[in-house]
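Architecture at a glance
Given next are the chains, with one letter for each unit.
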Amino acid sequence: MVSTAETLARPKCGAFDLTDVSVAYGDEVALSGVDLRIEPASVTALIGPSGCGKSTLLRCLNRMNDELGNVTVSGKIQLDGDDIYARDVDPVELRMRVGQVFQKPNPFPMSIYDNVAYGPRTHGVPKSEMDLLVEDSLRRAALWDEVRGHLKKHAFELSGGQQQRLCIARALATRPEVMLMDEPASALDPISTQQIEDTIAELKSDVTIVIVTHNMQQAARISDRTAFMLRESMERPAFLVEVGDTRTIFTNPSDKRTEAYITGRFG
Amino acid sequence: MSESSEAKLDRSSRAATRRAAEAVVGRLISLSGWSAIAVLTAIAVFLASNAWKALSDPQVGLIRMLTGTSWYPTSTPPLYGFIQYIIASLRVTGVALAIAVPIGIAAAIYISEFAPARLKGIAKSVIEFMAAVPSVVYGLMGVYVLGPALKDLFGMQSALTALSAGVVLAFMALPTIISISEDAMHSVPSELRQGSLALGNTHWQTTRKVIVPAASSGIFASVMLGLGRAIGETMVVLMVAGNSMELTWSLTTSARPLTAVIAGEMGEVVQGGLHYSALFVVGLTLFVVTFLVNLAADLVLERQRARWRR
Amino acid sequence: MSVQRNRVRQARAVEAAMKLVTGACAAAVMLSAAGLLGYLLVRGLPAMSWSFLTGMPLKDPPGIWPAIVGTFWLTVGTAAFALPVGIAAGIYLSEYAKRGRLTRLIRLSIANMAGVPSIVYGLFGAALFVMLLRFGLSLLSGSLTLACLTLPVIITSTEEALRQVPQDLRQASLALGATRWRTISKVVLPAAAPGIVTGSILGLSRAAGETAPVMFTAVFFLTGLPKSPFDKVMALPYHIYIMATQPVRPQPLVVWGSALVLVAGVSIVNVAAAAWRSRARKKVRW
Ligand SMILES: Nc1ncnc2c1ncn2[C@@H]1O[C@H](COP(=O)(O)OP(=O)(O)OP(=O)(O)O)[C@@H](O)[C@H]1O
Ligand SMILES: [Mg+2]
């Protein structure tokens, strides 16, 4: 059986290598030719105008695209060197290693405790270690101080920001190597947004984070690396314009389209 | 602006007429809003008032009716005990639910969670078709097809038994159970589904641990409504259950459920007589039971609606 | 890792098994519906002929014309009573009623009306329309009884259709100075018409197939064509019931032929209504 030390041991942070990745919905290619390395133990921000395929690319990384039905992904995506689209990889197994937080907080209709324990229970973490794991996950999501002693409360009684941090804790409880976040703060007020950003900053030493955001300041504040994507017309698929150190991208981008987008945003 | 005073008068009087007309229409509409309450109350009042003669008769009365086991309207004194009919209703309904609940919920799970979109559309139309087939046609299938088949299968004395009627009723309860359960599962926000899948759960784990619990009140309501439909169904039991007055819990013998008693005897009684009134007591019993069952379903459904109306 | 992999394999195996089991249940239901339809066609089609549809029951070969006519008029009568009241009540719930106790009570009544057994409607109709109001065994009594039974379906589908009309549309009309009723009658109702019509047809077709409520209020086994609303009538469902259960002179061809006519009639009307609605919906997209 798994020991307590193992339960709470931080897994290594994952690194993604994408080579010539394209995605098509039916026969419409939405995204093509993406080459991208996502460094371990860092925050990578995906930015770009609406419809440029940020969510699409993110969903490739935990194969949530598979659930949409008519999506084909081509090219190569490796997680720590393993091809995640290889035939013997079960997406369910992959998703234990790559967690996701969604745009709208989506706690399950059950208690706070059961929400956090939901993933580990599936993965066979013994009952005796669950309390510890739940506490640890809630601490890492910076929610522990607000909910300790109320773990039996229904998750719907939390505020929107608390719910989102609960969802982060829920994803952390499965000990993922990578955490995907699709505009995790866009439905929240400024204070909750600040709390989420703080949480992300604390998390990144433990888990690789890929975050989609429309908020330039946010990307500049929290990310180490930034990738800028663009879809120039509906006829042509979206592509990755450039990727690099966040500071470089924001102060001295090599592509003028990046500059135009960023400066346009900054006003 | 040189509007003649006549035209002005004309216009203002037209406006007044329109206002008056609108007020009348508004009243009529509000009045119609009461129609459901009115009809439901009227049903209760008419059932009760017509049942009163039997209920207040010193030789009959509610207690004797609900405790007696023989129904002999022509004996002296007439006997109107109908426990055996209540039990018959339970036998038939029990069979129907034992079949329709597990199959219906399973089918709803498949249609909502597993079926490809195309199949989903087809399945829904088929279920609508099943719901639209008149009960007398189901009865016909029971008499000519299912009954004889079950008779051979279980070596029953007769093709017309509680079991046969129950099986046919199961087919009639299935569309109700499937469509309402499916609806409840479908209306669980898809973000929850996504959330569970993203945590490394299979579709089945997601269904079992998130979707079904979240939809549980809708599923419960579907079972209650299916139950209501089975208890209240008349033509199928009249044609297929075999009309035996015997008090028994056996499934493979004939039965005479409450609805069949009314349908079978109402045509032959003297209107306004004691027997006629006794049939209204049976009807009142049915009304109360189905009312409670539906009330339970409705209260639970309302709770579910409130839950997702965030 | 391999412990984890085994766990996933196991979960996938359970998933596959459950998919199979639930799929089998769904398939069984679908197949029995197909079987029902197929059986009806096989047994009923041989009966189909002009003389069967338009002939009289006691002729040789026997026809079911009076039963068709009776069911038609019962349905028309039901529509005449149920549609105005039902649609008005739907409008009331969607457009006039405020959230509150009364509205809740009305909704509860509607839900419960829908669950009252059809035979109880029959008793009610016999007591009120046949006896108290002295309409006797007649088209009128039967239509009124069926109208009560159909009311909840019509109210619910009207309300639902009205609720799907976007709020902006109402506000746009009100902002132009139109009164509430004008807004409803000129803007909201036309937009909701497809839903209302389809729902009503669904309810009416169910009424057309009912036997128990008309048994003691309107129908008679053998009678001529109705000349006034106070005449008793024949009806298809009742005809099927009697023909199927009478021990003497069984006529399976008449029974199955009538059943096919009834099911086909109900289905065709429903399919046509649904098709019309989806066409109308395509034209107006919110
Ligand atoms: N399920 C889907 N089926 C078909 N096409 C889709 C689907 N999801 C996304 N697309 C298409 O793929 C393209 C990229 O969409 P995506 O949602 O990835 O963009 P995004 O960058 O996340 O936009 P936003 O910032 O608005 O969230 C769009 O053109 C969209 O129309
Ligand atoms: Mg997106």
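Residues numbered from 1 in each chain as written. Chains lettered and ligands numbered in written order. Predicted model: local features only at pLDDT ≥ 70, side-chain atom pairs only at ≥ 80, totals over all residues. Heavy atoms only, no water.

**Some thoughts on the sheet that holds strand S9 (residues 225-230) of chain A**
Residues and elements named next belong to chain A.
- If you trace the six strands from one edge of the open sheet to the other, you get S6-S7-S8-S3-S9-S10, paired in mixed fashion. Strands with a single pairing partner mark the edges of an open sheet, and in this sheet they are strand S6 (98-101) and strand S10 (239-245). Going across the sheet, the axis of each strand differs from the next one's by a mean of 15°, ignoring polarity.
- Each of S6 and strand S7 (178-182) touches helix H7 (residues 160-172); the most contacted strand, S6, lies at about 170° to it. (Pairing = 2+ DSSP bridges. Helix = DSSP H or I, 4+ residues; strand = E, 2+ residues; numbered from the N terminus. Axes fitted to C-alpha atoms, helices over the stretch in contact; angles between N-to-C directions. Contact = heavy atoms within 4.5 Å.)

**Observations regarding the environment of B:Ile63**
Residue and element names in this part refer to chain B.
- Inspection of the secondary structure assignment puts Ile 63 in helix H3 (residues 61-67).
- Overall, the relative accessible area of 64% leaves Ile 63 in the exposed class.
- Taking the C-alpha atoms as reference points, Ile 63 and Val 300, separated by 237 residues in sequence, lie 32 Å from one another. (Buried < 20%, exposed > 50% of the residue type's maximum accessible area, 1.4 Å probe, protein only.)

**With respect to the site of ligand 1**
All names here are of chain A.
- Residues in close proximity to ligand 1 total 14 residues, the closest being Ser 50, Ser 55, Thr 56, His 214 and Arg 231.
- Within the backbone of Gly 53, one N or O atom sits 3.0 Å away from an oxygen atom of ligand 1.
- Broken down by element, the residue count for the shell around ligand 1 peaks at four residues, all from helix H2 (residues 54-61).
- Here the shell around ligand 1 is composed, by residue class, of four nonpolar, six polar and four charged. (Near = heavy atom within 4 Å. Polar contact = N/O pair within 3.5 Å; in protein donor to acceptor, adjacent residues only side chain to side chain. Nonpolar A, V, L, I, M, F, W, Y, C, P; charged D, E, K, R; others polar.)

**Let's talk about the confidence of the model for chain B**
Residues and elements named next belong to chain B.
- In this model, chain B carries a mean pLDDT of 90, and residues with pLDDT of at least 70 account for 96%.
- Mean pLDDT per element in chain B: helix H1 (residues 5-33) is the minimum at 81, and helix H4 (residues 83-114) is the maximum at 96.
- Quick note on the complex model: pTM equals 0.88, ipTM equals 0.92. (pLDDT = per-residue confidence, 0-100.)

**Examining the pattern of salt bridges**
Residues and elements named next belong to chain B.
- Using the criterion set out here, one finds 31 salt bridges over all chains in the structure.
- Its salt-bridge partner being Glu 182, residue Lys 124 comes within 3.6 Å of it at the nearest N-O pair. Pair noted here: Lys 124 is in helix H5 (residues 117-132) and Glu 182 is in helix H7 (residues 162-186), with a separation of 58 residues, a long-range link.
- Since its relative accessible area comes to 36%, Lys 124 is described here as partly exposed.
- According to the relative accessible area criterion, Glu 182 is buried, its value standing at 4%. (Salt bridge = Lys/Arg side-chain N within 4 Å of Asp/Glu carboxyl O.)

**Re a positive patch on the surface**
- Together, B:Arg14, B:Arg18, C:Arg182 and C:Lys186 make up a positively charged patch on the protein surface.
- Listed by contribution, the elements that provide at least two residues to the positive patch are H1 of chain B together with helix H8 (180-209) of chain C.
- You can see B:Arg14 is positioned in helix H1. (Patch = residues over 30% accessible without salt bridge, like charges linked within 9 Å, V, L, I, M, F, W, Y side chains within 5 Å. Areas by Shrake-Rupley, 256 points an atom, 1.4 Å probe, with all protein chains shown as cover. Lys, Arg positive; Asp, Glu negative; His and termini not counted. Charge placed at Lys NZ, Arg CZ, Asp CG, Glu CD.)

**Let's talk about the packing of helix H7 (residues 167-175) of chain C against H8(C)**
All names here are of chain C.
- As a packed pair, H7 and H8 sit with axes 10 Å apart at the nearest point and diverge in direction by 145°. Handedness of the crossing formed by H7 with H8: right-handed. Together, Leu 169, Arg 170, Ser 173 and Leu 174 of H7 and Arg 180, Thr 183, Val 187, Val 188 and Ala 191 of H8 make up the contact between the two elements.
- Grouping the amino acids of the contact of H7 with H8 by side-chain chemistry returns five nonpolar, two polar and two charged. (Left-handed = near helix turned anticlockwise from the far one by under 90°.)

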